[in-house]
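Reading the structure
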Amino acid sequence: GPVSQPGGSIHDFGDGTYLTDKLEVARLYAKTRAPGHPPRQAVLVVSLKASEVGCILDLSTDPRWSEFFRKTPGGSMLLELIKSGRMNENYGRTFDAFLETYAINRNSYDSIIGPEYVRGGNQLCLVHKMARPTALVELVRARLRPAE
């Protein structure tokens, strides 16, 4: 399939380079992104420490994320919809509403960590700024290696 263009796809945390902490999830995404083309279903790996990915907005440890679902009318139903994988844009819209509710500036973060509700594990978004990969993104991309 074609490579996503900045702003051209609906992503959970907005424009960025996305990684997962589960190899099997990466393999599922590779199959989804290049269906019927096994040679193009490459899975790359990189080891990263939290200290290497800059300023992090971590939804798995930020109490505002779960509070948002508790306080928002229909929040628990919205969370179930996100987990179901139907209407993928729900995660992105919900994240945007979360940022607005708590007056969080996405661009003040280099990385965003959050649950990958549909396939499992967590996802890491290395934030692109002004529709461009940052120096951090380029550094991480340079360290990517084929999975075993």
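Description of the structure in this document. The residue numbers shown here count from 1 along each chain, following its written sequence. The predicted origin of the model limits local features to residues at a pLDDT of at least 70 and limits the giving and counting of side-chain atom pairs to 80 or more, whereas totals for whole chains, interfaces and linings rest on all residues. Where side-chain values are given, they derive from all heavy atoms of the structure, hydrogens and water being excluded.

1. Describing the overall build of the chain
Helix and strand definitions here come from DSSP, where helices need a minimum of 4 consecutive H or I residues and strands a minimum of 2 consecutive E residues; each element is numbered from the N-terminal end. Helices and strands together make up the secondary structure of the chain, namely five helices and six strands. For the chain, the N- to C-terminal ordering of α and β elements is β-α-β-β-α-α-α-β-β-α-β. The C-alpha extent of the chain, read off along each of the three principal axes, is 45 × 30 × 25 Å. Burial classes: relative accessible area under 20% of the type maximum marks a residue as buried, over 50% as exposed, and values in between as partly exposed (1.4 Å probe, protein chains only). The burial tally for the chain puts 33% of its 148 residues in the buried class. In this analysis, two residues are considered to be in contact whenever any of their non-hydrogen atoms come within 4.5 Å of each other. Contacts in the chain between residues at least 24 apart in sequence constitute 65% of all its contacts with a sequence separation of at least 6. For the accessible areas, the method is Shrake-Rupley and the probe is 1.4 Å, while residue cover comes only from the protein chains on display. Surface exposure of the chain reaches about 9,100 Å², of which carbon and sulfur atoms provide 56%. Across the chain, 19 positive and 16 negative side-chain charges occur, with their mean positions spaced 4 Å apart. In this tally Asp and Glu are treated as negative and Lys and Arg as positive; neither His nor the chain ends contributes. Charge positions are represented by NZ for Lys, CZ for Arg, CG for Asp and CD for Glu.

2. Overview of the pattern of salt bridges
Salt bridges are defined by distance alone: a side-chain nitrogen of Lys or Arg within 4 Å of a carboxyl oxygen of Asp or Glu. In this structure the tally under the stated criterion is five salt bridges. As a salt-bridge pair, Asp 110 and Lys 129 come within 3.4 Å of each other at their nearest N and O atoms. With a gap of 19 residues between them, Asp 110 in the loop between helix 4 (89-101) and strand 4 (111-115) and Lys 129 in the loop between strand 5 (122-127) and helix 5 (135-143) connect regions that are remote in the sequence. For Lys 129, a relative accessible area of 22% puts it in the partly exposed group. Taking the shortest distance from any N to any O, the salt bridge between Arg 119 and Glu 116 comes out at 3.6 Å.

3. Quick word on helix 1 (residues 23-33)
Taken residue by residue, helix 1 has Val 25, Ala 26 and Ala 30 as its buried positions. Take helix 1 and look down its axis: the buried residues cluster within an arc of 145°, on one side only. Buried residues belonging to helix 1 abut strand 1 (16-20). By definition, the arc is the one covered by directions from the helix axis to the C-beta atoms.

4. Things to note about the sheet that holds strand 5
When DSSP finds two or more bridges between two strands, those strands count as paired. One open sheet holds the four strands; their spatial order is 1-5-4-3, and the pairing between them is mixed. A single partner strand is all that each edge strand has here, and the edge strands are strand 1 and strand 3 (56-58). When strand polarity is set aside, the average angle formed by the axes of neighbouring strands in this sheet is 20°. Here strand 3 pairs with strand 4 via three bridges, running parallel. Looking at the pairing, Leu 57 lines up with Ile 112 of strand 4. Contacts between helix 5 and the sheet are confined to strand 1, strand 4 and strand 5, with strand 5 contributing the most and set at about 125° to the helix. Between the N-to-C directions of two axes lies an angle of 0 to 180 degrees, each axis being a line fitted to C-alpha atoms and, for a helix, fitted only over the stretch in contact.

5. Re unusual backbone geometry
In most cases, non-glycine residues show a negative phi, while peptide bonds are predominantly trans. Positive phi is not limited to glycine here, since Ala 103 has a value of about 50°. Residue Ala 103 is classed as exposed on the basis of its relative accessible area of 71%. Phi is positive for Met 130, which is not a glycine, with a value near 55°. You can see Met 130 is positioned in the loop between strand 5 and helix 5.

6. Describing the nonpolar core
In terms of nonpolar packing, the biggest core is built from 18 residues, with Leu 57, Phe 95 and Phe 98 touching the most fellow members. If you list the elements that add at least two residues to this core, you get helix 2 (63-71), helix 3 (75-84), helix 4 and strand 5. Among the elements that line this core, the one with the most residues is helix 4, at four residues. Here the nonpolar core consists of buried residues drawn from Ala, Val, Leu, Ile, Met, Phe, Trp, Tyr and Cys, with membership extended through side-chain atoms lying within 4.5 Å. Counting residues in hydrophobic clusters, the runner-up holds eight residues, among them Leu 124, Leu 126, Leu 136 and Val 140.

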